[in-house]
Amino acid sequence: MRKNKFSNRWLQSHNKDPYVKKARESHFRSRAVYKLQEINEKDKLIKPDYCVVDLGSSPGSWSQYLSSIIDSRGQIIAIDILPMEPIEQVFYISGDFTDEIIQKECLRQAGKKGADLVISDMAPNLTGIKVTDQSRNMALAELVYDFCTQILKPGGDLLVKLFEGEGTYEFRRFLQEKFSKVIVRKPKASRDQSREFYILARSYKL
Ligand SMILES: C[S@@+](CC[C@H](N)C(=O)[O-])C[C@H]1O[C@@H](n2cnc3c(N)ncnc32)[C@H](O)[C@@H]1O
């Protein structure tokens, strides 16, 4: 009974959300697109000839947005555990990003040149235990960085979602040593009540 009340309330506020409405009208698969769009408009992240890796890509609004910018000189590689409907120009890898086989497939697809940009909107499944959830978030973010050391070109950029809490400050400091510039972004489409924010690390030093 309580669960129904909660999900009804969630559905009502979801349907009233202007970003949900806008995404539906613009045929984007998720309101999340407006987070990437705002960051890109501000920071000029994505270029038409870029090779971009989209981690945690499903249902696919970030990949749709990438596909509207990237032309035949570039490529988009998307990874998710959940299925994703095809998107033009997007090479989708179905699987768990933490699995080495999946990472190898992505590396093979990117080729020797590697990626210009890695974006991660991944969030692990929540257990409801705050400490466990935060340590899983941070472990995933660290794994994303480790993957960048294999796939990112020198001078490449990383955009990664984090949740404010234990370890985020240290992670940011760590990235400052590895990238020329590290910026924090909280786009308007990211709900105020959510601890979610994005770190944009620019120009990988190698
Ligand atoms: C917030 S959604 C991403 C929304 C997406 N950016 C979009 O615009 O449609 C987060 C996604 O991360 C995926 N995810 C979480 N952990 C993952 C992992 N270890 N490997 C692959 N995908 C993962 C989830 O399955 C989920 O689809």
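In case you missed it, the structure is sitting above this.
Note that the coordinates shown come from a computational prediction; the quantities given were computed from them, not determined experimentally.

**Side note on the layout of surface pockets**
Approximately 1,200 Å³ is the volume found for the largest pocket. Sorting the residues of the lining of the largest pocket by element identifies α1 (2-16), α4 (61-69), β2 (75-80), α6 (130-151) and β5 (152-163) as the ones contributing at least two each. Looking at which element gives the most residues to the lining of the largest pocket, the answer is α6, with 7 residues. Its residues placed into classes, the lining of the largest pocket shows 17 nonpolar, 15 polar and 13 charged.

**Regarding the site of the ligand**
Taken together, 19 residues are adjacent to the ligand, and S61, D80, D96, F97 and D121 come closest. The contact in question runs from an oxygen atom of the ligand to an N or O atom on the backbone of P59, over 3.4 Å. One nitrogen or oxygen atom from the side chain of S61 is found 2.5 Å from an oxygen atom belonging to the ligand. Burial of the ligand by the protein amounts to 84% of the accessible area it has alone, namely 600 Å². In this structure the site holding the ligand corresponds to the largest pocket.

**Section: the side chain of S61**
Within the secondary structure, S61 sits in helix α4. Accessibility expressed as a relative area gives 3% for S61, which makes it buried. Of the polar contacts made by the side chain of S61, one reaches the backbone oxygen of S30; its length is 3.5 Å. Other than its neighbours up to four places away in sequence, S61 contacts F28, R29, S30, A32 and V33.

What counts, and at which threshold
- Residues numbered from 1 in each chain as written.
- Predicted model: local features only at pLDDT ≥ 70, side-chain atom pairs only at ≥ 80, totals over all residues.
- Heavy atoms only, no water.
- 1 Å grid on protein atoms, 1.4 Å probe; cavity = no way out; pocket = protein on both sides within 12 Å on 5 of 7 lines; lining within 4 Å.
- Points joined across faces, edges and corners; volume = space filled by probe spheres on them.
- Helix = DSSP H or I, 4+ residues; strand = E, 2+ residues; numbered from the N terminus.
- Nonpolar A, V, L, I, M, F, W, Y, C, P; charged D, E, K, R; others polar.
- Near = heavy atom within 4 Å.
- Polar contact = N/O pair within 3.5 Å; in protein donor to acceptor, adjacent residues only side chain to side chain.
- Areas by Shrake-Rupley, 256 points an atom, 1.4 Å probe, with all protein chains shown as cover.
- Sits in = over half its atoms within 2 Å of the grid points.
- Buried < 20%, exposed > 50% of the residue type's maximum accessible area, 1.4 Å probe, protein only.
- Contact = heavy atoms within 4.5 Å.

Shape is all these values report; function is a separate question.
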